[in-house]
Amino acid sequence: MCVCVHRLEHARMHAKHKGHEAMHAEMVLILIVTLVIAQLVLVQWKQRHPKSYNLVTLFQMWVVPLYFTTKLHWWRFLVTWFIFSVVTAYVTYRATRKPLECTTPRLVYKWFLLLYKISYATGIVGYSVVMFTLFGINLIFRIKPEDAMDFGVSLLFYGLYYGVLGRDFAEMCADVMASTVGYYSASGMPTKHLSDSICAVCGQPILVDVSEEGIIENTYRLSCNHVFHEFCIRGWCIVGKKQTCPYCKEKVDLKRMFSNPWEKPHVMYGQLLDWLRYLVAWQPVIIGLVQGINYILGLE
């Protein structure tokens, strides 16, 4: 009896959608063409006007998840998003002030370095939980597969999402601070000469006596012979995603600079963040555009 009912419903569904094959094919074609054109437009935009592209992408990365999570009442994400937004807004405000306070670069790099470490660790834990669940290790601890998978995917999303936002905000702040100090400009030409006793990242003296006002710490000399505070140049390269000298733009030898492999910028992690950036910021826009085209053409 049940088999007959199922076959009857299946036949009704086919009868309902009979003759719609051409329409479905047209919708798929519109989707493919829109994806290809959108990808080409985004690539050209990023190459020709990287600053505006990065700003718009960063804004969408910040706002789009807020819209969906508010509709779904995901309060845990909203709380973390609010905390991140408040602290990052304050740090970004400090980084864009002129003149730049001597304590600002360290504040900026400390916050984004902390965020980088937390997001990276959270992503690794989430990925590990997902893999353990796939291999059934969760059953040893009597945890339901769906609960373990939800927990792992949530951690992975948190790590990747805040990792993307942290890297993008850090890069923006690094550019603004370096330009404000005056040793770097958008054209690539320094606006003033770098003294051997000044750090081009924070603009403070390299070496100071105990009685002097300044920062006492180790220094690091790049292959171009420019010297920086160790924390400043590490923040510039790791947090700000910069792999060139802040003053002369020469390529930084990261292998020689960071002997600890955990301190090196993670290439695969960065590529994964770039993929998530496209997925979160632009994919909803493209899907919305496809739906708009289908609506205008009368396709359902």
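Above: the structure in question.
Since we're looking at a predicted model, the values are computed, not measured.

Q: Lay out the overall build of the chain with the relevant residues and their values.
A: Along its length, the chain carries ten helices and two strands. Burial analysis of the chain (300 residues in total) assigns 37% to the buried set. Once local pairs closer than 6 in sequence are excluded, the contacts in the chain between residues at least 24 apart make up 61%. On the chain, roughly 18,800 Å² of surface is accessible, and the fraction owed to carbon and sulfur atoms is 66%.

Q: Break down the packing of aromatic side chains for me, with residues and values.
A: Inspection of the entire model under this criterion finds 17 aromatic pairs. Arranged with centres 5.2 Å apart and planes meeting at 75 degrees, the rings of Tyr-67 and Phe-68 form a pair that is edge-to-face. Classification of Tyr-67 by relative accessible area gives partly exposed; the value is 47%. Residues Phe-157 and Tyr-161 carry aromatic rings whose centres are separated by 5.6 Å and whose planes lie at 15 degrees to one another, so their mutual orientation is stacked. Of the two residues, Phe-157 and Tyr-161 both sit in helix α6 (residues 145-181), four residues apart, roughly one turn of that helix. Within the aromatic cluster, the residues linked to one another by ring pairs are Phe-77, Phe-84, Phe-157, Tyr-158, Tyr-161, Tyr-162 and Phe-169.

Q: Summarise the nonpolar core; cite the residues concerned and give the values.
A: Ranked by internal contacts, the top residues of the largest apolar core, which has 48 residues, are Phe-112, Leu-222 and Phe-228. Contributing elements (two or more residues each) for this core: α3 (50-72), α4 (75-95), α5 (104-134), α6, β2 (227-229), α7 (230-239) and α9 (267-281). A total of eleven residues in this core trace back to one element, the largest contributor, which is α6.

Q: Describe unusual backbone geometry, listing the residues and the values that go with them.
A: Even without being a glycine, His-73 presents a positive backbone phi close to 60 degrees. As for its placement among the helices and strands, His-73 is situated in the loop between α3 and α4. Despite not being glycine, Arg-142 has its phi angle at roughly 60 degrees, a positive value. Here Arg-142 falls in the exposed class, since its relative accessible area comes to 81%.

Q: Report on α5, specifying residues and quantitative values.
A: Helical periodicity: at 3.6 residues per turn, an α-helix aligns residues three or four positions apart in one direction. End to end, α5 covers 45 Å across 31 residues, agreeing with the expected 45 Å (1.5 Å per residue, within 8%). Two residues or fewer after α5 comes Gly-136, characterised by a positive phi angle close to 80 degrees.

Cut-off values and rules
- Residues numbered from 1 in each chain as written.
- Predicted model: local features only at pLDDT ≥ 70, side-chain atom pairs only at ≥ 80, totals over all residues.
- Heavy atoms only, no water.
- Helix = DSSP H or I, 4+ residues; strand = E, 2+ residues; numbered from the N terminus.
- Buried < 20%, exposed > 50% of the residue type's maximum accessible area, 1.4 Å probe, protein only.
- Contact = heavy atoms within 4.5 Å.
- Areas by Shrake-Rupley, 256 points an atom, 1.4 Å probe, with all protein chains shown as cover.
- Phe/Tyr/Trp six-rings, centres within 6.5 Å; stacked < 30°, edge-to-face > 60°.
- Core = buried A, V, L, I, M, F, W, Y, C linked by side-chain atoms within 4.5 Å.
- Expected span 1.5 Å × (residues − 1).

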